[in-house]
Amino acid sequence: QVQLVESGGGLVQAGDSLRLSCSASGRTFSTYAAGWFRQAPGQEREFVAAISTYGSTKSADSVKGRFTISRENAKNTVYLQMSSLKPEDTAVYYCAARPRLSSSIAQDYNYWGQGTQVTVSS
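Residues numbered from 1 in each chain as written. Predicted model: local features only at pLDDT ≥ 70, side-chain atom pairs only at ≥ 80, totals over all residues. Heavy atoms only, no water.

Colleague: Got a minute to help me understand the packing of aromatic side chains in this structure?
Modeller: Pairs of aromatic rings are described using the distance from one ring centre to the other and the angle between the two planes. Across all of its chains, the model carries 6 aromatic pairs by this definition. Between Tyr-32 and Tyr-111, the aromatic rings sit 6.1 Å apart at their centres with planes inclined by 65°, giving edge-to-face as the arrangement. Here Tyr-32 is found in strand β4 (residues 32-39), whereas its partner Tyr-111 is found in strand β10 (residues 111-112), with 79 residues between them in sequence. On the basis of an interplanar angle of 55° and a centroid distance of 5.2 Å, the ring pair of Phe-37 and Trp-112 is categorised as tilted. Of the two residues, Phe-37 sits in strand β4 while Trp-112 sits in strand β10, which places them 75 residues apart along the sequence. Of the residues examined, Phe-37 reaches a relative accessible area of 1% and is grouped as buried. Of the residues examined, Trp-112 reaches a relative accessible area of 28% and is grouped as partly exposed. Chaining the aromatic ring pairs together yields one cluster made of Phe-37, Phe-47, Tyr-94, Tyr-109 and Trp-112. The ring of Tyr-94 has Arg-45 lying over it, and the distance from NZ or CZ to the ring centre is 3.8 Å. For Arg-71, the ring lying beneath its charged end belongs to Phe-29, and the centroid distance is 5.0 Å. (Phe/Tyr/Trp six-rings, centres within 6.5 Å; stacked < 30°, edge-to-face > 60°. Helix = DSSP H or I, 4+ residues; strand = E, 2+ residues; numbered from the N terminus. Buried < 20%, exposed > 50% of the residue type's maximum accessible area, 1.4 Å probe, protein only. Lys NZ or Arg CZ within 6 Å of the ring centre and 35° of its normal.)

This is the structure:
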């Protein structure tokens, strides 16, 4: 069982940076892949970025070059560094985890956090 808690969301202006954190319970978190997804009002949840157990990453085209996912297994934490934020990045951001392999498909993930709101004003 893995419990995930996101933090770091907030209200920022376009062009600003923000770092989200996802803290996980459990001593075996290093064996889990993790992903970040987001959901804007009235829209479906969409993939943002994912990281494998050994640090291989992938990200959505809409955030490539602006968002970076990383992990610090010693702290059971996954990060999402967001820069050059745009109003269209406004959404609730969710952290997710699944054993071993990373995925860009939300339904592949077993564990989810409660989400953190990111609002980018123009």
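Colleague: Would you take a moment to explain the sheet that holds strand β1 (residues 4-7) for this structure?
Modeller: Sheet strands associate in pairs through backbone hydrogen bonding, adopting either a parallel or an antiparallel arrangement. Strand order in the open sheet made by the 4 strands is β1-β3-β8-β7, with antiparallel pairing throughout. Two strands close off the open sheet at either side, each with one partner strand: β1 and β7 (67-72). Averaged over all adjacent pairs, the angle separating strand axes in this sheet is 15°, with direction ignored. Across 6 bridges, β7 lies against strand β8 (residues 77-82) in antiparallel orientation. When the bridges of β8 are listed, Ile-69 appears paired with Leu-80. (Pairing = 2+ DSSP bridges. Axes fitted to C-alpha atoms, helices over the stretch in contact; angles between N-to-C directions.)

Colleague: Whenever I open this one, the state of the cysteines confuses me. Can you help?
Modeller: One covalent bond between the sulfur atoms of two cysteine residues makes up a disulfide. This structure, assessed with the given rule, holds 1 disulfide. Note that Cys-22 is cross-linked by a disulfide to Cys-95, the S-S spacing being 2.1 Å. The sign of the -80° torsion about the S-S bond sets the Cys-22-Cys-95 disulfide as left-handed. Remark: Cys-95 occurs in strand β9 (residues 91-99) and Cys-22 occurs in strand β3 (residues 18-24); sequence separation between them is 73 residues. (Disulfide = S-S within 2.5 Å.)

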